[in-house]
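Structural features, examined
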Amino acid sequence: MHREVVNAGIVGIGACAPDRVLTNADLEQLVDTSDEWIFSRSGIRERRITGPEQATSDLASIAAGRALADAGIKPEEVDLVIVATNTPDMLMPATACLVQDRIGIKKKAGAFDLAAGCTGFVHALAVGSQFIAAGTCRTVLVIGAETLSKMVNWEDRSTCVLFGDGAGAVVLRPVPAGSGILAFKLYSDGAFGHHLFIPAGGSRRPATRETLDNKLHFLQMNGREVFKFAVRVMGEAAEEVLAEAGLNKSDVDFFIPHQANIRIIKPAAKRLGIPMEKVLVNVDRYGNTSTASIPLALEEAVRGGRIKSGYHVVMVGFGAGLTWGSVALKW
Ligand code: UT7
């Protein structure tokens, strides 16, 4: 499989985090929690939060504009926009269409959203790379964007302290064989979907007075179960994508895991034998930004000069579905 996607690579990257910082101390004023509990259980110190005026497409459009500028590519050159999100502006139309319009991409570009929980960005990279490998598209914009602050119950301390808002975008183009996306692996186990979900607002339980009163439009999570699952699958997904790409653990120059919890990231790095200096960690400053977490981290690593040309980078995500997945690429 990796032979087909070998020619799609990231040629531009951009990110956007809202200005407003919500610290653990701020949360102590909202719910019965403490900085000590949040930091020791998750590694989070603060997160970025949008105001009422900002929605997911706003963050996505800014990140996308920055990625295009970074690539030196004009909006009208984009053939396809994929937005991975769990927090679309609306159930319809797709947030990708709002972004397409906002950033002035030519009207004939395709645009759709992709839902795969927090693994959405990994899935979107895989999907986008296939359009390039097939020769159907030359320029694909892949975005992970979230405003989870709008979907958490601010009275539920077990979830509201964990999530944050943000967006990251990459531009995919054909690149020389042997570089770019070398392999990907995508997985799901829907039998465990009830561990992380938003119960109402879809066709199963449309909005009613009762669903509103019972706060069923907010995210619900069995954190302990998701934690156990994540620790089990992260290392495995990384090992399998390395094998698919024909690489060894010792070939990995940089590891970008989904930023949900430092206590999930560290065991995954350990299993891969990667020292923490080669792992991007920003969960302390952004919390869990779901589909935005990997591109936000990647952007930070690239900007900071920590990822250099020729580096082998492995990204691994997990989340609602349950889904998980990995990508191996040569920068
Ligand atoms: O992107 C994928 C999305 N989700 C995740 O990645 C989340 C994965 N799970 C986790 O990261 C961890 O399970 C959490 C950080 C959510 C929780 O850590 P934990 O070590 O698994 O704690 P726990 O759920 O076992 O809860 C321990 C205690 C409970 O009290 P009791 O029942 O032991 O008396 C909770 O009620 O901590 C309590 N608790 C809190 N206390 C203070 C839960 N939330 C809080 C809070 N502040 N915010």
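Keep in mind that what you see is a predicted model, and the values were worked out from it rather than measured.

For the rest of this paragraph, the subject is the confidence of the model for the protein. Scored by pLDDT, the protein comes out at a mean of 95, with 98% of its residues at no less than 70. With pLDDT under 50 throughout, residues 1–5 is counted as low confidence; its partners more than four residues away or in other chains account for 14 contacts.

Attention now moves to the packing of aromatic side chains. Applying the stated criterion across every chain, the model contains three aromatic pairs. Plain terms: the ring middles of Tyr 187 and Trp 324 are 5.3 Å apart, the flat faces sit at 10° to each other, and that makes the pair stacked. Here the residue Tyr 187 occupies a position in strand E8 (residues 180–188), and Trp 324 occupies one in strand E13 (residues 323–330), the gap between them amounting to 137 residues. By the burial criterion, Tyr 187 is buried, and Trp 324 matches it. Ring centres of Phe 229 and Trp 324 lie 5.4 Å apart, and the angle between their planes is 80°; on these two criteria the pair is classed as edge-to-face. Remark: Trp 324 occurs in strand E13 and Phe 229 occurs in helix H9 (residues 223–245); sequence separation between them is 95 residues. For Trp 324, a relative accessible area of 11% translates into the label buried. Grouped by ring-pair contacts, the aromatic residues Tyr 187, Phe 229, Phe 318 and Trp 324 constitute a single cluster. Between the NZ or CZ atom of Arg 45 and the centre of the ring of Phe 39, over which it lies, the distance is 3.5 Å.

This brings us to the site of the ligand. Inspection of the region around the ligand gives 21 residues, with Thr 33, Arg 224, His 258, Asn 261 and Asn 288 positioned closest. One of the side-chain nitrogen or oxygen atoms of Arg 224 is found 2.7 Å away from an oxygen atom of the ligand. Residue Asn 261 places a side-chain N or O atom 2.7 Å away from an oxygen atom belonging to the ligand. Burial of the ligand by the protein amounts to 76% of the accessible area it has alone, namely 960 Å². Sorting the residues of the shell around the ligand by element identifies helix H3 (35–42), helix H7 (157–160) and H9 as the ones contributing at least two each. With four residues, the single largest contributor to the shell around the ligand is H9. Taken together, the residues of the shell around the ligand sort by class into ten nonpolar, six polar and five charged. Counting only domains with at least three residues in the shell around the ligand, you end up with domain 1 (7–178) and domain 2 (182–330).

Before going further, it helps to spend a moment on the side chain of His 312. The residue His 312 is located in strand E12 (residues 312–319) in this model. Take His 312: its relative accessible area is 17%, and that puts it in the buried class. Within the structure, His 312 has its side chain in polar contact with the backbone oxygen of Asp 251 (distance 3.5 Å). Residues in contact with His 312, not counting those within four places in the same chain, are Leu 182, Leu 247, Asp 251, Val 252, Asp 253, Phe 254, Leu 329 and Lys 330.

Here we come to the domain arrangement of the protein. Entries for the protein in the domain assignment read domain 1 (7–178) and domain 2 (182–330). Centre-to-centre separation of domain 1 and domain 2, based on C-alpha positions: 14 Å. With 52 residues of domain 1 in contact, the opposing surface of domain 2 contributes 45 residues. Each partner contributes to the roughly 3600 Å² buried at the junction of domain 1 and domain 2, and carbon and sulfur atoms together form 66% of this total. Linking domain 1 with domain 2 are two salt bridges. Salt-bridge contacts for Lys 215 lead to Glu 155; the nearest nitrogen and oxygen are separated by 3.9 Å. Taken together, the connections running from domain 1 to domain 2 amount to 18 residue pairs in polar contact (both at pLDDT 80 or more). For the side of domain 1 that touches domain 2, the leading source of residues is helix H6 (residues 120–133), giving eight residues. The residue makeup of the side of domain 1 that touches domain 2, split by class, is 23 nonpolar, 19 polar and ten charged.

Here we come to the pattern of salt bridges. For the coordinates displayed, the defined rule picks out 14 salt bridges. With its nearest N and O atoms 3.8 Å apart, the salt bridge here joins Arg 303 to Asp 70. Here the residue Arg 303 occupies a position in helix H12 (residues 293–303), and Asp 70 occupies one in helix H4 (residues 56–71), the gap between them amounting to 233 residues. Here Asp 70 falls in the partly exposed class, since its relative accessible area comes to 39%. Lys 228 is the partner of Glu 225 in a salt bridge, and the nearest nitrogen-oxygen pair spans 3.1 Å. Here Glu 225 pairs with Lys 228, and both are found in helix H9, just three residues apart, close to one helical turn. Counted as one network, the salt bridges with shared partners bring together Asp 70, Glu 299 and Arg 303.

Our next topic: the pairing of strand E6 (residues 140–147). Summarising burial for E6: eight of the eight residues are buried, a large majority. Both faces of E6 are covered, namely the face carrying Val 140, Val 142, Gly 144 and Glu 146 and the face carrying Leu 141, Ile 143, Ala 145 and Thr 147. In this sheet, E6 lies alongside strand E4 (residues 80–84) in parallel orientation, the contact comprising five bridges. The partner of Val 83 across the bridge, within E6, is Ile 143. Note that E6 and strand E7 (residues 165–174) share eight bridges and pair antiparallel.

The rules behind the values
- Residues numbered from 1 in each chain as written.
- Predicted model: local features only at pLDDT ≥ 70, side-chain atom pairs only at ≥ 80, totals over all residues.
- Heavy atoms only, no water.
- pLDDT = per-residue confidence, 0-100.
- Contact = heavy atoms within 4.5 Å.
- Phe/Tyr/Trp six-rings, centres within 6.5 Å; stacked < 30°, edge-to-face > 60°.
- Helix = DSSP H or I, 4+ residues; strand = E, 2+ residues; numbered from the N terminus.
- Buried < 20%, exposed > 50% of the residue type's maximum accessible area, 1.4 Å probe, protein only.
- Lys NZ or Arg CZ within 6 Å of the ring centre and 35° of its normal.
- Near = heavy atom within 4 Å.
- Polar contact = N/O pair within 3.5 Å; in protein donor to acceptor, adjacent residues only side chain to side chain.
- Areas by Shrake-Rupley, 256 points an atom, 1.4 Å probe, with all protein chains shown as cover.
- Nonpolar A, V, L, I, M, F, W, Y, C, P; charged D, E, K, R; others polar.
- Domains from an automatic or database assignment.
- Buried area = accessible area lost by both parts, 1.4 Å probe.
- Salt bridge = Lys/Arg side-chain N within 4 Å of Asp/Glu carboxyl O.
- Pairing = 2+ DSSP bridges.

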